[in-house]
Protein chains: 2
Amino acid sequence: MNLRELAQNLGLSQTTVSRALNGYPEVNEATRARVVQAAEQHNYRPNTRAKGLATGRAMAIGHVIPMSKQHEMVNPVFGDFIAGAGETYSRNGYDMVLSLVEDGQEEKTYRDLRGKGAVDGLIVHGPKSDDPRIAMLDDLGVPFVVHGRASAVTLPYAWLDVNNRNAFQRATDFLLDLGHRRIALMNGLEELDFASRRRAGYHDALQARGVPLRPEFMHSEEMTERYGYDTARLLLARDDAPTAFLVSSMITVIGVRRAIEERGLKMGRDVSVITHDDELSYFKNGQDAPIFTATCSSVREAGRQAAQILLERIAHPHLPPPNRLLEAQLVVGGSTGPAPISAKD
Amino acid sequence: MNLRELAQNLGLSQTTVSRALNGYPEVNEATRARVVQAAEQHNYRPNTRAKGLATGRAMAIGHVIPMSKQHEMVNPVFGDFIAGAGETYSRNGYDMVLSLVEDGQEEKTYRDLRGKGAVDGLIVHGPKSDDPRIAMLDDLGVPFVVHGRASAVTLPYAWLDVNNRNAFQRATDFLLDLGHRRIALMNGLEELDFASRRRAGYHDALQARGVPLRPEFMHSEEMTERYGYDTARLLLARDDAPTAFLVSSMITVIGVRRAIEERGLKMGRDVSVITHDDELSYFKNGQDAPIFTATCSSVREAGRQAAQILLERIAHPHLPPPNRLLEAQLVVGGSTGPAPISAKD
DNA sequence: AATCATTTCCAAAGCGCTTTGGGTGGCGGT
DNA sequence: ACCGCCACCCAAAGCGCTTTGGAAATGATT
């Protein structure tokens, strides 16, 4: 069923039917009701492609998900981010088109998506500190919002980020307050901006207390369970093993816990652990009594808000690009405690 | 840059340019080369919507991801499934459009997607045993492939599934062979077809050996970490605690392990555990020495193949709908061992 | 009763592409 | 010199919608 047929059925012109359905004022309310009812009854849906052609808008948003070539891994936070964004889109009649692309090939995909006219706007995932995509998209003139930031990029652009630096600074401070001095950082890949900001927070906190940075305690890899296990195991085998771990992901921390327990140690007593918690739906950290002390920030909520910002940006492209910095909460759980006496200094 | 402008630039007609770019034979190879080069140079991409309107094909596949209302949870396997499917799509010039929808509302979304002409085909996720979507899509006449099966649906339809029943039967047999008799099943939601098939496999194995089914050992919930922990904890506190657990997901099994270790027991010695492993990218079960004994089947590969089947189905809608049953491998890891003597019988 | 503003509707153009149904020019054959 | 046949190219229609620029009908005003 298309517009023409529907109009014929009703004995009206396409114009009138179109206007009736799109809420234009120049059509009699009685006629509109009749049209709406007929449309309902015939299960009529305007053809997106035709509508898009006519209006010049695709009513779709593009997400380009980077996929690590190395581990063929797609970051699990995307699922929840997209779930959040999807809520916003569907409330506003937008579709979401997804491309999974190998790390570093993203530019071409953005270009294609825009060039084909398949999307009205884009979300940029996983920005690097000096991410070339931002200048490119700015240049292309396509509305976009970055999930995260690119510290080295100076031109203004729309972003939404968690205050990662502050979160990790506070977490480190918290551990220092508990008497820990040998604190291992198990970060994500530090070419990614969020990870380098977390490291900066960790640095700041240690330096503010005059605790020397120890490269052998600072790790940076893709956030798999395996990475957590392997690295923590090696670190715990040292004579001067860390008494605390600051971990970048709920996935990795699972591996860290495994290494701790394998060694017969007890988390929260022998070794303290803080993790960042994106509040993934299947990994709830226990509402009542969290297992892990964590810096918490809902990535789903981030998705919702980023999508919202993008839609506003599409509606008002002339406004200056908005930024939103979400603060993570430091929630105390059972995985932290005072540093063991023997280890103090 | 659109076709008309490009054609004008070249001093050719739109027809010729279009044909040159789409590989039709009736254009001089020299001309074609000239056209292709100009297109490249001007960064020309045909407008999807216009092309779609003209050809009647959307060059896009729809994925409707169900999202549990209860836990606001999106199953983590979707990430990897979609990564696999995405590979196939992009190799074939298809886009992927994603909708996240609350459980049970999926029908409307499929209808919309198809009605709007936004997609050429659909993948059905998370089928229930008597899933109404299959009849509906069949009725709509839209090509689709089900990831999984719907046991109660009799009409032929295209599906790709893992042999869940066989996998869990073999896993249960394996535990029985090791002397276990009190084997707990921690299944996913059994309204989902794959879960009910797994239960059937478990049943079959127990009954074949004359081991009575014990309802208190059979659980069915959404596969969160928390579910694994809570349930295993309760079970382990019993006088007649299970000596083995058969778990439906890598996420849930993390919780099971937590409960086991919290109780001071050792996995693989005091308690045996087998899990199903979808080979999620960030949860590799250790290639060399798997932590968990597991029924393994790559959900990413399933995505690749399901997408392939769908594309073939779109190309040849008249062929009978193909089915593909993947066998899971039972890979032995460190989480299983003989039943403790005290517990035998 | 004539005029004018409103309301309600319509015909047709146009969005950017594909595709149908020719046209034109050069060539070999006679 | 003529015919017919390719090889190569083009004009125009059409995909399903929105939107412009009226037209017809209605009601209010003088």
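Residues numbered from 1 in each chain as written. Chains lettered and ligands numbered in written order. Predicted model: local features only at pLDDT ≥ 70, side-chain atom pairs only at ≥ 80, totals over all residues. Heavy atoms only, no water.

Asker: Help me understand the overall build of chain A in this model?
Answerer: Each helix and strand in chain A was counted, giving 12 helices and 12 strands. Each principal axis of the C-alpha distribution contributes one length, and for chain A these read about 90 × 40 × 35 Å. Counting only residues that meet the buried cut, chain A has 56% of its 345 residues in that class. When the accessible surface of chain A is split by element, carbon and sulfur atoms take 49% of a total near 14400 Å². (Helix = DSSP H or I, 4+ residues; strand = E, 2+ residues; numbered from the N terminus. Buried < 20%, exposed > 50% of the residue type's maximum accessible area, 1.4 Å probe, protein only. Areas by Shrake-Rupley, 256 points an atom, 1.4 Å probe, with all protein chains shown as cover.)

Asker: In this structure, what is going on with unusual backbone geometry? I would like to understand it.
Answerer: Most peptide bonds take the trans configuration, and most residues that are not glycine carry a negative phi. Residues and elements named next belong to chain A. Of note in the backbone geometry, Asn 43 takes a positive phi value of approximately 60° without being a glycine. Looking at the secondary structure, you find Asn 43 in the loop between helix 3 (29-41) and helix 4 (48-55). Overall, the relative accessible area of 41% leaves Asn 43 in the partly exposed class.

Asker: How do you make sense of the packing of helix 10 (residues 225-236) of chain B against helix 11 (residues 250-262) of chain B when you look at a structure like this?
Answerer: Residues and elements named next belong to chain B. Running from N to C, helix 10 and helix 11 point in directions that differ by 35°, and their axes come no closer than 6 Å. For the crossing formed where helix 10 meets helix 11, the hand is right-handed. Two secondary-structure elements touch here, helix 10 through Glu 225, Arg 226, Tyr 227, Gly 228, Tyr 229, Ala 232, Arg 233 and Leu 236 and helix 11 through Ile 251, Thr 252, Ile 254, Gly 255, Val 256, Arg 258, Ala 259, Ile 260 and Glu 262. In terms of residue class, the contact of helix 10 with helix 11 is made up of 9 nonpolar, 3 polar and 5 charged. (Axes fitted to C-alpha atoms, helices over the stretch in contact; angles between N-to-C directions. Left-handed = near helix turned anticlockwise from the far one by under 90°. Contact = heavy atoms within 4.5 Å. Nonpolar A, V, L, I, M, F, W, Y, C, P; charged D, E, K, R; others polar.)

Asker: What is the right way to read the nonpolar core from this model?
Answerer: Core analysis: the biggest nonpolar cluster contains 68 residues, and Tyr 89 and Leu 98 of chain A together with Tyr 89 and Leu 98 of chain B have the highest contact counts within it. Setting aside anything within four residues of it in sequence, one finds Leu 98 of chain A in contact with His 63, Ile 65 and Ile 82 of chain A together with Ile 82, Met 96 and Leu 98 of chain B. (Core = buried A, V, L, I, M, F, W, Y, C linked by side-chain atoms within 4.5 Å.)

Asker: What should I look at first to understand the packing of aromatic side chains in this one?
Answerer: A ring pair, where both rings are aromatic, is described by two values, the distance of the centres and the angle of the planes. Per the counting criterion, the structure on display carries 3 aromatic pairs over all chains. Both rings, one in Tyr 282 of chain A and one in Phe 283 of chain A, keep their centres 5.8 Å apart while their planes meet at 45°; by these two values the pair is tilted. Pairing Phe 283 of chain A with Phe 283 of chain B gives two aromatic rings, centres 6.4 Å apart and planes at 40°, and the pair type is tilted. Linking Phe 283 of chain A in the loop between strand 9 (272-277) and strand 10 (293-296) with Phe 283 of chain B in the loop between strand 9 (272-277) and strand 10 (293-296), this pair reaches from one chain into another. A residue is classified by how much of its surface remains accessible, and Phe 283 of chain A, at 2% relative accessible area, is buried. Taken together, the ring pairs in this structure connect Tyr 282 and Phe 283 of chain A together with Tyr 282 and Phe 283 of chain B into an aromatic cluster. One cation-aromatic arrangement involves Arg 214 of chain B over Phe 217 of chain B; the distance from NZ or CZ to the ring centre is 4.3 Å. Here the guanidinium or amino end of Arg 258 of chain B rests over the ring plane of Tyr 229 of chain B, the centre of that ring lying 3.7 Å away. (Phe/Tyr/Trp six-rings, centres within 6.5 Å; stacked < 30°, edge-to-face > 60°. Lys NZ or Arg CZ within 6 Å of the ring centre and 35° of its normal.)

Asker: How should I be thinking about the interface of chain B and chain A in this particular structure?
Answerer: Accessible area lost when the parts come together is the quantity often used to give the size of an interface. Taken together, the 53 residues of chain B in the interface contact 53 residues of chain A. Interface area for chain B against chain A, summed over the two sides, is near 4500 Å², with a carbon-plus-sulfur share of 54%. At the boundary of chain B with chain A, the tally comes to 6 salt bridges. For Arg 257 of chain B, the salt bridge identified is with Glu 225 of chain A, shortest N-O distance 4.0 Å. At the junction of chain B with chain A, the criterion picks out 17 residue pairs in polar contact (both at pLDDT 80 or more). Every element with two or more residues in the side of chain B that touches chain A is listed here: helix 4 (48-55), helix 5 (77-91), strand 2 (95-102), helix 6 (106-115), helix 10 and helix 11 of chain B. (Buried area = accessible area lost by both parts, 1.4 Å probe. Salt bridge = Lys/Arg side-chain N within 4 Å of Asp/Glu carboxyl O. Polar contact = N/O pair within 3.5 Å; in protein donor to acceptor, adjacent residues only side chain to side chain.)

Asker: What is the right way to read the protein's contact with DNA strand D from this model?
Answerer: Leu 3, Ser 18 and Arg 19 of chain A together with Thr 15 and Arg 19 of chain B are the nearest of the 28 residues found near DNA strand D. Counting only atoms of DNA strand D within 4 Å of the protein, the sugar-phosphate share comes to 57%. Contact distances for DNA strand D include 2.6 Å between a phosphate oxygen and a side-chain N or O atom of Ser 18 of chain A. Broken down by secondary-structure element, the contributors of at least two residues to the surface near DNA strand D are helix 2 (14-21) and helix 4 of chain A together with helix 2 (14-21) and helix 4 of chain B. In terms of residue count, the dominant contributor to the surface near DNA strand D is helix 4 of chain A (5 residues). (Near = heavy atom within 4 Å.)

Asker: Would you take a moment to explain the side chain of Thr 172 of chain B for this structure?
Answerer: Residue and element names in this part refer to chain B. As for its position among the elements, Thr 172 is in helix 8 (residues 164-177). You can call Thr 172 buried: its relative accessible area is 0%. Aside from chain neighbours lying at most four places away, what touches Thr 172 is Ile 183, Tyr 202, Ala 205, Leu 206 and Leu 246.

Asker: Quick question: what am I supposed to make of the protein's contact with DNA strand C here?
Answerer: Taken together, 28 residues lie around DNA strand C, and Ser 13 and Thr 15 of chain A together with Leu 3, Ser 18 and Arg 19 of chain B are the ones closest in. A distance of 2.3 Å separates a phosphate oxygen of DNA strand C from a polar atom in the backbone of Leu 3 of chain B. Where the surface near DNA strand C is concerned, the elements lending two or more residues are helix 2 and helix 4 of chain A together with helix 2 and helix 4 of chain B. Here the element with the most residues in the surface near DNA strand C is helix 4 of chain B; it accounts for 5 residues. Here the surface near DNA strand C is composed, by residue class, of 11 nonpolar, 13 polar and 4 charged.

Asker: Honestly, the sheet that holds strand 3 (residues 121-124) of chain B in this entry has me stumped. Any pointers?
Answerer: Backbone hydrogen bonds are what pair the strands of a sheet, in a parallel or an antiparallel way. Taken together, the 12 strands give an open sheet; going across it, the order is 11(A)-5(A)-4(A)-3(A)-1(A)-2(A)-2(B)-1(B)-3(B)-4(B)-5(B)-11(B), and neighbouring strands pair in mixed fashion. Because the sheet does not close on itself, it has two edges, and the strands there are strand 11 (323-326) of chain A together with strand 11 (323-326) of chain B. Neighbour-to-neighbour, the strand axes of the sheet open up by a mean angle of 20°, direction not taken into account. Pairing geometry for strand 4 (residues 144-147) of chain A and strand 5 (residues 159-162) of chain A, over 2 bridges, is parallel. Bridge pairing in strand 5 of chain A places His 147 of chain A opposite Leu 160 of chain A. Across the sheet, helix 5 (residues 77-91) of chain A lies against strand 1 (60-67), strand 2 (95-102), strand 3 (121-124) and strand 4 of chain A together with strand 1 (60-67) and strand 2 of chain B, angled at about 175° from strand 1 of chain A, the strand it touches most. (Pairing = 2+ DSSP bridges.)

Asker: I'm lost on the relation of the copies chain B and chain A in this one. Help?
Answerer: Mapping between the two copies of the chain is achieved by a rotation about an axis and a shift along the axis. With an RMSD of 0.0 Å, the fit of chain B onto chain A corresponds to turning through 180° and sliding 0.0 Å along the axis. Look at the turn and shift together and you get a two-fold axis relating the two. Most of the interface of chain B is mirrored in chain A: 100% of its interface residues are interface residues there too. (Least-squares fit on C-alpha atoms with pLDDT ≥ 70 in both.)

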